[in-house]
Amino acid sequence: MHEGIASAVINFVSRFVGVPAKRITPDTTLFGDLGIDGDDGDEFLQEFCDEFSVDPATLGLGPYFGPEGGCFPLCLFYWVVLWFRQGTAEERAGLVVIQVSHLIETAHQKRWRGP
């Protein structure tokens, strides 16, 4: 893997979520492991694109992050349903997994290389 880029991406993720870099690996997921969701997901990807000069034109947020917490009744129902489903957090939410390894490859390619 691209060591310099990998380190830079891990440090970026660490700063954004406030988790020590040593706890973030290429297999770490944004939603399931780090809890990035809703508007935070949008903000994260925008800042990521700015930081690593990635063209955000092909990026769509729909399949990667759930709804924002501002719509209480709908969001409450969403999280209750997730609580009782089986599988990973992303599988329960019906979302596509973004791992840090996808971000590393995206930063290297300078274009979205999602899952």
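Here goes a summary of the coordinates provided. Please read these numbers as outputs of a predicted model, since none were measured by experiment. (Residues numbered from 1 in each chain as written. Predicted model: local features only at pLDDT ≥ 70, side-chain atom pairs only at ≥ 80, totals over all residues. Heavy atoms only, no water.)

### Examining the side chain of Ser14
At step 1: Tracing the backbone shows Ser14 in helix α1 (residues 3–17).
At step 2: Its relative accessible area of 13% is what places Ser14 among the buried residues.
At step 3: Sequence-distant contacts of Ser14, defined by excluding residues within four places in its chain, comprise Val19, Pro20, Ala21 and Ile24. (Helix = DSSP H or I, 4+ residues; strand = E, 2+ residues; numbered from the N terminus. Buried < 20%, exposed > 50% of the residue type's maximum accessible area, 1.4 Å probe, protein only. Contact = heavy atoms within 4.5 Å.)

### A word on the environment of Glu3
At step 1: The residue Glu3 is located in helix α1 in this model.
At step 2: The class of Glu3 is exposed, set by a relative accessible area of 59%.
At step 3: As for Glu3 and Ile104, which are separated by 101 residues in sequence, their C-alpha atoms are 9.2 Å apart.

### Quick notes on unusual backbone geometry
Among all residues save glycine, negative phi is the norm, and among peptide bonds the norm is trans.
At step 1: Located in the positive-phi region is Ser53, a residue other than glycine, with phi close to 50°.
At step 2: Looking at the element boundaries, Ser53 is found in the loop between α2 (38–51) and α3 (72–84).
At step 3: With a relative accessible area of 53%, Ser53 lands in the exposed category.

### Thoughts on the packing of α1 against α2
In a pair of packed helices, the angle between the axes and the distance between the axes together describe the arrangement.
At step 1: The interhelical angle for the contact between α1 and α2, taken along N-to-C directions, is 145°, at an axis separation of 11 Å. As for the relative orientation of α1 and α2, their crossing is right-handed in sense. Here Val9, Phe12, Val13, Arg15 and Phe16 of α1 lie close against α2, whose contacting residues are Asp40, Glu43, Phe44, Glu47, Phe48 and Glu51. (Axes fitted to C-alpha atoms, helices over the stretch in contact; angles between N-to-C directions. Left-handed = near helix turned anticlockwise from the far one by under 90°.)

### Brief notes about α2
At step 1: Look at α2: 20 Å from first C-alpha to last across 14 residues, which is about the 20 Å you get at 1.5 Å a residue.
At step 2: Of all the residues in α2, the buried ones are Gly38, Gly41, Phe44, Leu45, Phe48 and Cys49. Considered in projection along α2, the buried side chains sweep an arc of 125° and stay on one side of the axis.
At step 3: The inward-facing, buried residues of α2 contact α1 and α5 (100–109).
At step 4: Where α2 terminates, the next one or two residues include Ser53, which has phi positive at roughly 50°. (Expected span 1.5 Å × (residues − 1). Arc of directions from axis to C-beta.)

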